[in-house]
Amino acid sequence: YELYVNLAGEVSFLVEDTLYPVSRGDILVIRPNEVHKCIHRAEDVHEHFCIWLRGLPADSEKLREEFGKQTLVVLSEEERERAIDLCQSLYRAGTEDELLAFRAAGDFFGVLDLVCRGQRREPPAAELPPSFSEIVDYVTAHYAEPGCTVAHLCRRFYISKSTLCRHFRRHF
């Protein structure tokens, strides 16, 4: 699992075929093998903190159940600030002396507690239209190729430049 905590900036996050708007303090729960990508929506600074869980113990069925409920965890303002403070504390613990290890463990479990709270809600995510999802998949696979241009996409997918640009503005 990957826990992605947005510390600053406005971004969108594409997880499989669903696009999530992500604000400061939101937490994404990415399950193993889920295809995901951060998409910057503005010129402002974007900061995030990631926690990777490399497998959960066999007896952690409750935690697996909580992580499987939703992708985007939206917290109250107070909980958002707490999540950001915990992540910053975890970062400092990794860069300072080893005596902070016990505090870091508490901070880590604090972040897990916020993810597992029952009061969170799942905002509606923007579904990508199937035809546009196919274009996004193509661009993801071929973006480094010199021939992957807007004109090429328009020809390949039989779509006008204005429609293609409108879809990108709307969804990204």
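Keep in mind that this is a model prediction, so the values were computed, not measured.

> Please clarify how the pairing of strand E1 (residues 2–8) should be interpreted in this entry.
Looking along a regular strand, one sees side chains alternate from face to face of the sheet. With 6 of its 7 residues buried, E1 lies for the most part within the structure. When E1 meets strand E4 (residues 27–30), the two strands line up antiparallel, connected through 4 bridges. Note on E4: the bridge partner recorded for Leu-3 is Val-29. Pairing of E1 with strand E6 (residues 47–52) involves 6 bridges; the strand directions are antiparallel. Along E6, the bridge assignment pairs Val-5 with Phe-49.

> Please clarify how the sheet that holds E1 should be interpreted in this entry.
Within a sheet, neighbouring strands are paired by backbone hydrogen bonds and run either parallel or antiparallel to one another. Taken together, the 4 strands give an open sheet; going across it, the order is E6-E1-E4-E7, and neighbouring strands pair in antiparallel fashion. Both edges of this open sheet fall to E6 and strand E7 (72–73), since each of them pairs with a single strand only.

> Would you explain the nonpolar core in this entry?
What tends to happen in soluble globular proteins is that the nonpolar side chains get buried as a cluster. Leu-3, Ile-27, Ile-51 and Val-111 are the most contacted members of the largest nonpolar core, which has 22 residues in total. The biggest single contributor to this core is helix H2 (residues 77–95), with 6 residues. Once residues within four sequence positions are removed from consideration, Ile-51 is found in contact with Tyr-1, Glu-2, Leu-3, Leu-90, Phe-108 and Val-111. Listed in part, the 13 residues of the second largest apolar core include Leu-19, Ile-39, Cys-154 and Phe-157.

> Would you mind showing me how to read unusual backbone geometry here?
Apart from glycine, the bulk of residues carry a negative phi angle, and the bulk of peptide bonds sit in the trans form. In this structure, Asn-33 is a non-glycine residue whose phi angle is positive, near 70°. In this fold, Asn-33 is placed in the loop between E4 and strand E5 (36–40). The backbone of Tyr-158 shows a phi angle near 50°, a positive value even though the residue is not glycine. For Tyr-158, the position within the fold is in the loop between helix H5 (150–157) and helix H6 (161–171). Here Tyr-158 falls in the exposed class, since its relative accessible area comes to 77%.

> Sorry, what's going on with a negative patch on the surface here?
A cluster of acidic residues, Glu-16, Asp-17, Glu-134 and Asp-137, forms a negative patch at the surface. On the secondary structure map, Asp-137 appears in helix H4 (residues 130–142).

> I tried to follow the pattern of salt bridges on my own but got confused; where do I start?
Should the charged atoms of two oppositely charged side chains come close, the side chains can pair. Applying the stated rule across the entire model yields 4 salt bridges. In this structure, Glu-81 and Arg-24 form a salt bridge, with 2.4 Å as the shortest nitrogen-oxygen distance. With Glu-81 in helix H2 and Arg-24 in the loop between strand E3 (18–22) and E4, the pair connects residues that are 57 residues apart, well separated along the chain. Glu-77 is paired through a salt bridge with Arg-80; the nearest N and O atoms lie 3.8 Å apart. With Glu-77 and Arg-80 both in helix H2 and 3 residues apart, the pair spans about one turn of that helix. The exposure class assigned to Glu-77 is exposed, which follows from its relative accessible area of 55%. Here the salt bridges share partners, and the residues they tie into one network are Asp-26, Glu-77 and Arg-80.

> Just to check I follow, could you spell out H5 for this structure?
Note: α-helices contain 3.6 residues per turn, so residues at a spacing of three or four share the same orientation. Among all positions of H5, only Leu-153, Cys-154 and Phe-157 are buried. Viewed end-on, H5 has its buried residues packed into an arc of 100°, placing them on one side of the element. Those residues of H5 hidden inside the fold are in contact with H4 and H6. Of the residues flanking the end of H5, it is Tyr-158, one or two places downstream, whose phi is positive at about 50°.

Parameters at a glance
Residues numbered from 1 in each chain as written. Predicted model: local features only at pLDDT ≥ 70, side-chain atom pairs only at ≥ 80, totals over all residues. Heavy atoms only, no water. Buried < 20%, exposed > 50% of the residue type's maximum accessible area, 1.4 Å probe, protein only. Helix = DSSP H or I, 4+ residues; strand = E, 2+ residues; numbered from the N terminus. Pairing = 2+ DSSP bridges. Core = buried A, V, L, I, M, F, W, Y, C linked by side-chain atoms within 4.5 Å. Contact = heavy atoms within 4.5 Å. Patch = residues over 30% accessible without salt bridge, like charges linked within 9 Å, V, L, I, M, F, W, Y side chains within 5 Å. Areas by Shrake-Rupley, 256 points an atom, 1.4 Å probe, with all protein chains shown as cover. Salt bridge = Lys/Arg side-chain N within 4 Å of Asp/Glu carboxyl O. Lys, Arg positive; Asp, Glu negative; His and termini not counted. Charge placed at Lys NZ, Arg CZ, Asp CG, Glu CD. Arc of directions from axis to C-beta.

The analysis is restricted to geometry; functional conclusions fall outside its scope.
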